[in-house]
Amino acid sequence: MPSDSCIKAALTADGVWGCVKNCTCVPGKTARPLKKELGYDMIGSLLGMLSTDMAIDLGTANTLVYVKGQGVKLDEPSVVAYMTQGGRKIVYAVGEQAKNMLGKTPVNMEAIRPMRDGVIADFEVAEEMIKHFIRKVHNRRAFVSPLIIICVPSSATSVERRAIHQSALAAGAREVQLIEEPMAAAIGAGLPIDDPAGSMVVDIGGGTSEVAVLSLGGIVYSRSVRVGGDKMDQAIVNYLRREQKILIGEMSAERIKKEIGTAQPPENGTGMALTVRGRGTLDGVPKETEITEAMIAEALREPVTDIIDAVKIALEAMPPELAADIVDRGIVLTGGGALLRNLDTVIREQAQLPVMIADDPLKCVVNGCGHVLENFTKMRTVLSPEV
């Protein structure tokens, strides 16, 4: 880079400051990009003050939006209802309103989840959903497009990351940065990720469960399994169809999971009971039946086992020094799946390690993402590499 007093410095064709041939003002130094010379960081900070920057946890089940300086301003289901006219998809409802339409739409309308397993399944609909959520929280008086930080699963491919990146840009962002979900979850849970010691987080979301070990501000090991809240709901649907000969929808399965779902059979035999309504698989007519906590524990055995196996594999794969730290610090559970009753107890028994549920596990990822947004310059190193 030329010195401040160098009279031979010139702007090259590719937009960088450099010395002309044979200049010896700073021997052996390479030129820096022009945008740095012009104070790019200062310009970014100025744009940040003029815009409503935000962090988005774009989840399979729910989307949460954190607005800089304001906290979490939106928490809605990742569901879009649209009508098809002339081959084009016209959005009819988004979020909570669209979720209430699942399984109840007329012939010319469809309600779908554009996210599957933590990544975009329907690019066009996902873009409209992101656009709707941005408009809902964006300060209309702000005349500069926002900087957006979005969480992605650690297992997302470069193509899947690029799809999320491009969708956010198309939705109106001036700049898009990605952060891996386990990193955001650990920051949101308050784990000391910068320490030279291991911290282990298990983030159980709607589409994926992320198991990661972090140290010195980075991810040492991560594993993502496509098992989460949605697979639990589907397991309940399959169990009732097979054992009780009744067919229910995914919204009914989610309600059952929240009310009497458990990862461990109750000690008193059957536990709590709940009456559910659905369609009989034998005669096809509406019917109702009573299900118990013990039945749901049996239904959820497979997805719970998959999560426990992912934790065990992570423990086996991590370096011995970090494993010693995990014995002291334990495992922290985040995400909506962490709220499944007795899941922490089952993991504790299987892993023989302390297991804790983070405070407000549903918002750990978006809060961690928001913390990076609030301290963007200082915490850029935790962001995912550019796609």
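The structure this text deals with has already been given above.
Now for a description of the structure that goes with this document.

Rules used throughout
- Along each chain, numbering runs from 1 in the same order as the chain's sequence is written.
- Given that this is a predicted model, residues contribute local features only at a pLDDT of at least 70 and side-chain atom pairs are listed and counted only at 80 or more, while totals for whole chains, interfaces and linings are drawn from all residues.
- Heavy atoms throughout the structure, all of them, feed into the side-chain values; hydrogens and water do not.
- A helix here means a DSSP run of H or I that spans at least four residues, while a strand means a run of E at least two residues long, and both kinds are numbered starting from the N terminus.
- By definition here, a helix of n residues has an expected span of 1.5 Å times n minus one.
- The buried label applies to any residue whose accessible area, calculated with a 1.4 Å probe on protein chains only, is under 20% of its type's maximum; exposed applies above 50%, and partly exposed to all values in between.
- In protein, a polar contact requires one atom able to donate a hydrogen and another able to accept it; more generally it is a pair of N or O atoms within 3.5 Å, and residues adjacent in sequence count only if both atoms are side-chain atoms.
- Two strands pair under a simple rule: DSSP has to find at least two bridges between them.
- Axis lines are fitted to C-alpha atoms, over the contacting stretch for helices. Their N-to-C directions set the angle, which ranges from 0 to 180 degrees.
- The contact definition used throughout considers only heavy atoms, calling two residues in contact when any of these lie within 4.5 Å.
- A carboxyl oxygen of Asp or Glu within 4 Å of a side-chain nitrogen of Lys or Arg is what we treat as a salt bridge.
- Site definitions follow a grid-based scheme: protein atoms alone, a 1 Å grid, a 1.4 Å probe that fits but cannot get out for cavities, and for pockets an open set with protein on both sides within 12 Å along at least five of seven lines, plus lining residues having an atom within 4 Å of a point.
- Grid points are joined across faces, edges and corners, and a volume is the space filled by probe spheres set on the points.
- Should an angle fall under 35 degrees it is called roughly parallel, over 145 degrees roughly antiparallel, and 65 to 115 degrees roughly perpendicular, with every other angle called oblique.
- It is the rotation of the near helix from the far one that decides the hand of a crossing: anticlockwise by less than a right angle makes it left-handed, clockwise makes it right-handed.
- Only buried residues count toward a nonpolar core. Its members are Ala, Val, Leu, Ile, Met, Phe, Trp, Tyr and Cys residues joined through side-chain atoms within 4.5 Å.
- Each residue gets one label: Ala, Val, Leu, Ile, Met, Phe, Trp, Tyr, Cys and Pro are nonpolar, Asp, Glu, Lys and Arg are charged, and the others, such as Gly, are polar.

Here we take up helix 4 (residues 123–137). Counted at 1.5 Å a residue, the expected span for helix 4 with its 15 residues is 21 Å, and the 22 Å between its end C-alpha atoms agrees. Taken as a whole, helix 4 has its buried residues at V125, A126, E127, M129, I130, F133, I134 and V137. For helix 4, the N-terminal capping position is held by D122, with its side-chain oxygen 3.3 Å away from the main-chain nitrogen of E124.

Right, let's get into the sheet that holds strand 12 (residues 175–180). The mixed open sheet is built from 5 strands, whose spatial order is 5-4-3-11-12. Two strands bound the open sheet, and with one partner strand each, they are strand 5 (71–77) and strand 12. On average, each strand axis in the sheet is tilted by 20 degrees relative to the strand beside it, whichever way the strands run. Note: strand 3 (residues 54–58) against strand 11 (residues 147–152), 3 bridges, orientation parallel. Looking at strand 11, one finds that M54 is bridged to I148. The sheet contacts of helix 6 (residues 181–188) involve strand 11 and strand 12, and relative to strand 12 the element is tilted by about 80 degrees.

Moving on, we get to the sheet that holds strand 16 (residues 246–247). A sheet is described by the order of its strands in space; here 3 strands give the open sequence 16-17-18, paired in antiparallel fashion. Unpaired on one side and paired on the other, strand 16 and strand 18 (286–292) mark the two borders of the sheet. Of the pairings in the sheet, the one linking strand 16 to strand 17 (residues 273–280) comprises 2 bridges and is antiparallel in character. By the bridge assignment for strand 17, L247 is matched with R279. Where helix 8 (residues 250–260) meets the sheet, its contacts fall on strand 17 and strand 18, and the angle it forms with strand 17 comes to roughly 170 degrees.

Here we come to the pattern of salt bridges. Scanning all chains against the criterion turns up 19 salt bridges. Its salt-bridge partner being D233, residue K257 comes within 3.1 Å of it at the nearest N-O pair. Of this pair, K257 sits in helix 8 while D233 sits in helix 7 (residues 229–243); the two residues are 24 residues apart in sequence, bridging distant segments of the chain. Owing to a relative accessible area of 15%, K257 belongs among the buried residues under this scheme. Across the pair D344 and R348 runs a salt bridge, and its minimum N-O distance is 3.6 Å. A residue pair is termed a helical-turn pair when its members lie 3 or 4 positions apart in one helix, as D344 and R348 do in helix 12 (residues 343–351) at 4 residues. We classify R348 as partly exposed; its relative accessible area is 33%.

Turning our eyes to something else, we now look at the layout of surface pockets. The volume enclosed by the largest pocket comes to roughly 760 Å³. Taken together, 38 residues form the lining of the largest pocket, with A61, N62, G336, G337 and L362 sitting closest to its centre. Of all elements in the fold, only strand 4 (62–67), strand 5, helix 3 (96–99), strand 13 (199–204), helix 7 and helix 8 reach the threshold of two or more residues within the lining of the largest pocket. Examining the composition of the lining of the largest pocket, we find that 5 residues originate from one element, helix 8, more than from any other.

Following both chains from N to C, one finds helix 10 (residues 301–317) and helix 12 inclined at 45 degrees, their axes separated by 10 Å at the closest point. In terms of orientation, helix 10 and helix 12 fall into the oblique class. Crossing hand, helix 10 versus helix 12: right-handed. Along the contact surface, helix 10 presents V304, I308, K312 and L315, while helix 12 presents L343, V346, I347, Q350 and A351.

Moving on, we come to the nonpolar core. With 45 residues, the main nonpolar core has M200, I236, I256, I291 and I331 as its most contacted residues. If you tally residues by element for this core, the top one is helix 10, at 6 residues. Y66, M183, A186 and A358 belong to the second largest nonpolar core, which has 29 residues in total.

In this section: the pairing of strand 17. Judged from the 7 bridges that link them, strand 17 and strand 18 form a sheet pairing that is antiparallel. By the bridge assignment for strand 18, R279 is matched with P286. From the end of strand 17 to the start of strand 18, which pair antiparallel, there are 5 residues, and G284 there has a positive phi angle of about 80 degrees.

Moving on, we get to the side chain of T289. Among the structural elements, T289 can be located in strand 18. Leave out the neighbours within four places in its chain, and T289 touches Q244, I246, L274, T275 and V276.

The subject of this paragraph is the packing of helix 6 against helix 13 (residues 364–374). At a closest axis distance of 6 Å, the pairing of helix 6 and helix 13 adopts a crossing angle of 85 degrees. Classed by the angle they form, the pair helix 6 and helix 13 counts as roughly perpendicular. Counted together, E181, A184, A185, I187 and G188 of helix 6 and C364, V365, N367, G368, C369, H371 and V372 of helix 13 form the full contact between these two elements. The class makeup of the residues in the contact of helix 6 with helix 13 is 7 nonpolar, 4 polar and 1 charged.

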